[in-house]
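Each chain is listed here by its residues.
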Amino acid sequence: MENGEAEPGIQVGMTVAEMEKQLIHLTLESTNDNRTRAAEILGISIRTLRNKLNEYKKQNQEPSLSAVNE
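Heads up: these notes are all about the structure in this document. Fair warning: this is a prediction, and the values are worked out from it, not measured in the lab.

1. Side note on the overall build of the chain
So, step 1. In terms of regular secondary structure, the chain is built from four helices and zero strands.
So, step 2. Shown N-terminal to C-terminal, the secondary structure of the chain runs as helices and strands in the order α-α-α-α.
So, step 3. The 70 residues of the chain split such that 16% are buried.
So, step 4. A fraction of 28% describes how many contacts in the chain between residues 6 or more apart in sequence connect residues 24 or more apart.
So, step 5. A total accessible area of about 5700 Å² is found for the chain, and carbon and sulfur atoms account for 49% of it.

2. Looking at a positive patch on the surface
So, step 1. Together, Arg35, Arg47, Arg50 and Lys57 line one region of the surface with positive charge.
So, step 2. Ranked by residue count, the leading element in the positive patch is helix 3 (residues 46-61), at three residues.
So, step 3. Its place among the elements puts arginine 47 in helix 3.
So, step 4. Of the residues examined, arginine 47 reaches a relative accessible area of 60% and is grouped as exposed.

3. Considering the pattern of salt bridges
So, step 1. Tallying each qualifying case throughout the model produces two salt bridges.
So, step 2. A salt bridge links lysine 52 to glutamate 20; the nearest nitrogen and oxygen atoms lie 3.0 Å apart. Placement of lysine 52 in helix 3 and of glutamate 20 in helix 1 (residues 16-30) is noted, with a sequence separation of 32 residues between them.
So, step 3. The class of glutamate 20 is partly exposed, set by a relative accessible area of 32%.
So, step 4. Put simply, arginine 37 and glutamate 40 hold a salt bridge, and the shortest N to O gap is 3.2 Å. One end of the pair, arginine 37, and the other, glutamate 40, are both in helix 2 (residues 35-42), three residues apart, so they sit about a helical turn from each other.

4. Structural notes on the packing of helix 2 against helix 3
So, step 1. Helix 3 packs onto helix 2 with a crossing angle of 105 degrees between their chain directions and a minimal axis gap of 9 Å. On the basis of the axis angle, helix 2 is roughly perpendicular to helix 3. Across from Arg35, Thr36, Ala38, Ala39 and Leu42 in helix 2, the residues of helix 3 making contact are Ile46, Leu49, Arg50 and Leu53.
So, step 2. Residue composition of the contact of helix 2 with helix 3, grouped by class: six nonpolar, one polar and two charged.

Reading the values: the criteria
- Residues numbered from 1 in each chain as written.
- Predicted model: local features only at pLDDT ≥ 70, side-chain atom pairs only at ≥ 80, totals over all residues.
- Heavy atoms only, no water.
- Helix = DSSP H or I, 4+ residues; strand = E, 2+ residues; numbered from the N terminus.
- Buried < 20%, exposed > 50% of the residue type's maximum accessible area, 1.4 Å probe, protein only.
- Contact = heavy atoms within 4.5 Å.
- Areas by Shrake-Rupley, 256 points an atom, 1.4 Å probe, with all protein chains shown as cover.
- Patch = residues over 30% accessible without salt bridge, like charges linked within 9 Å, V, L, I, M, F, W, Y side chains within 5 Å.
- Salt bridge = Lys/Arg side-chain N within 4 Å of Asp/Glu carboxyl O.
- Lys, Arg positive; Asp, Glu negative; His and termini not counted.
- Charge placed at Lys NZ, Arg CZ, Asp CG, Glu CD.
- Axes fitted to C-alpha atoms, helices over the stretch in contact; angles between N-to-C directions.
- Parallel < 35°, antiparallel > 145°, perpendicular 65-115°, else oblique.
- Nonpolar A, V, L, I, M, F, W, Y, C, P; charged D, E, K, R; others polar.

What is shown is where atoms sit, not what they do.
Below, the structure written as structure tokens:
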């Protein structure tokens, strides 16, 4: 995966939130970023999918502790 993310798959120690994020991204990838189709496959509303993606985007914009300390 890109941006230094771990290989896809369930791993011991992985949180449910991490698995959810990975599943959403893999589903979007498999639908060529068709959010409507991805939401259908995941069994969630398009609104929920949008909210999750916005949450992930916000998390990536927040500086990490290591970046603050450097």
